[in-house]
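Tertiary structure, described
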Amino acid sequence: MSSALTDLCRYPIVQAPMAGGVSCPQLVSAVAEAGGLGFLAAGYKTADGMYNEIKQLRGMTGQPFGVNLFMPQPNLADPSAVEVYRHQLAGEAAWYETPLGDPDSSGDDGYEAKLAILLEDPVPVVSFTFGCPTRDALDALAGVGTYTVVTVTSPEEAQAAQRAGADAICVQGVEAGGHRSTHRDDPQADDAGIGLLTLVAQVREAVQLPLIASGGIMRGSQIAAVVAAGAEAAQLGTAFLVCPESGAHLLHKQALTNPLFVRTALTRAFSGRPARGLVNRFMREHGPYAPAAYPQVHHVTSGLRKAAARAGDAQGMALWAGQGHRMARELPAGRLVELLAEELDAAHAAPSTRSTQ
């Protein structure tokens, strides 16, 4: 690990920021106390909500942690396509007895207000999803002592992040659960995702920054693999989603290892942006018709997803999950960090053990 990342965590294990309440202070503090680097997810929260979670987390741990921000999105959606999709979802609204949301709700996720708070009251690490900040923003964070990470899905995006002044790159392979962190939402590229090991190798040759590898990682041996490929650390999301400290809905946690859900797929059905989740009824019925319209579709379906959760219907929820979801282990987050570290050590020791036999 690079010295900067070594200072942030004892082990090369990063808990991914999972928006929607999953990455709560309880989960982040447990990971941090065990020697990993935990991340709060500021996405879908108000600036005050983010700040309150930071204050709560600081009362639970003195270890370093990170906060993840969603970059503002350009309004490229076709309003008529969104309206057609709303009509298609009318049956869902009737079934769950809840109105569809307003597609014209805020599209910038309170980015500027959140950034202002993080400059006024700095945290150790800030990462970015759905784009690359300006050099001014990254320089300002560096000026207050914050380590910055930009999430990328291609070598070209990594080079843009390096030019902008990021301290590190989070390389997201196509195996990752949740939203694809492409810097530009291009429907023509929905099937163009690159597997993690190949992407890490490509980005390693394209930039000189430290890399954090993310996508489908569930075991310490996989952490060893991405480190061997050129990463300094691994970021895991789905692996931590089932932990008791996670804020994920119980149905979501149970679905990860439920034999009813046999595979994952990328879909725009729930948010209008490609995201990987467990294939369920809602994804099958509506995914093929969902427009490229984020966050408009996210706002439209928000009430439906909440109503499905209240009704105990996992078939109507967004069950974000990486390709390794069946390997999830229901362990306390701190114990999971320790076990991953033990597996990583075993993987590192294995070649030398074989060589002596």
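The structure this text deals with has already been given above.
Attention in this report is confined to the structure presented alongside it. (Residues numbered from 1 in each chain as written. Predicted model: local features only at pLDDT ≥ 70, side-chain atom pairs only at ≥ 80, totals over all residues. Heavy atoms only, no water.)

1. Some points on helix α10 (residues 220–229)
- Where α10 is concerned, the buried positions are G220, I223, A224 and V226. Projected onto a plane normal to the axis of α10, the buried residues spread over an arc of 165 degrees and lie on a single side.
- Backbone geometry just downstream of α10 places G230 in the positive-phi region, at approximately 130 degrees. (Buried < 20%, exposed > 50% of the residue type's maximum accessible area, 1.4 Å probe, protein only. Helix = DSSP H or I, 4+ residues; strand = E, 2+ residues; numbered from the N terminus. Arc of directions from axis to C-beta.)

2. Details of the packing of aromatic side chains
- A full pass over the atoms with the stated rule returns 5 aromatic pairs.
- Aromatic pair Y44 and F70: ring centres 5.2 Å apart, planes at 85 degrees, arrangement edge-to-face. With Y44 in the loop between β2 (38–41) and α3 (47–58) and F70 in strand β3 (residues 65–70), this pair connects stretches of sequence that are 26 residues apart.
- Classification of F70 as buried rests on a relative accessible area of 9%.
- Judged by centre distance (4.9 Å) and plane angle (45 degrees), the rings of F70 and F130 are tilted. Here F130 lies in the loop between β4 (125–129) and α7 (135–143) and F70 lies in strand β3, a separation of 60 residues in the sequence.
- Among the aromatic residues, those joined into a ring-pair cluster are Y44, F70, F130 and Y294. (Phe/Tyr/Trp six-rings, centres within 6.5 Å; stacked < 30°, edge-to-face > 60°.)

3. Digging into the packing of helix α2 (residues 25–34) against α3
- Axis separation between α2 and α3 bottoms out at 9 Å; the angle between their running directions is 40 degrees. The orientation of α2 with respect to α3, classified from their angle, is oblique. Seen along the crossing, α2 lies across α3 with a hand that is right-handed. Mapping the contact onto sequence places P25, Q26, V28 and S29 in α2 and E53, Q56 and L57 in α3.
- When the residues that make up the contact of α2 with α3 are grouped by side-chain class, the tally is 3 nonpolar, 3 polar and 1 charged. (Axes fitted to C-alpha atoms, helices over the stretch in contact; angles between N-to-C directions. Parallel < 35°, antiparallel > 145°, perpendicular 65-115°, else oblique. Left-handed = near helix turned anticlockwise from the far one by under 90°. Contact = heavy atoms within 4.5 Å. Nonpolar A, V, L, I, M, F, W, Y, C, P; charged D, E, K, R; others polar.)

4. Looking at the sheet that holds strand β9 (residues 233–236)
- With parallel pairing, the 8 strands of this open sheet are ordered in space as β1-β9-β8-β6-β5-β4-β3-β2. Here the strands that pair on one side only, and so sit at the sheet edges, are β1 (13–15) and β2. Put simply, the sheet's adjacent strands are angled 25 degrees from each other on average, direction ignored.
- By the bridge criterion, 4 bridges tie strand β5 (residues 147–152) to strand β6 (residues 168–172) in an arrangement that is parallel. Of the residues in β6, the one forming a bridge with T151 is C170. (Pairing = 2+ DSSP bridges.)

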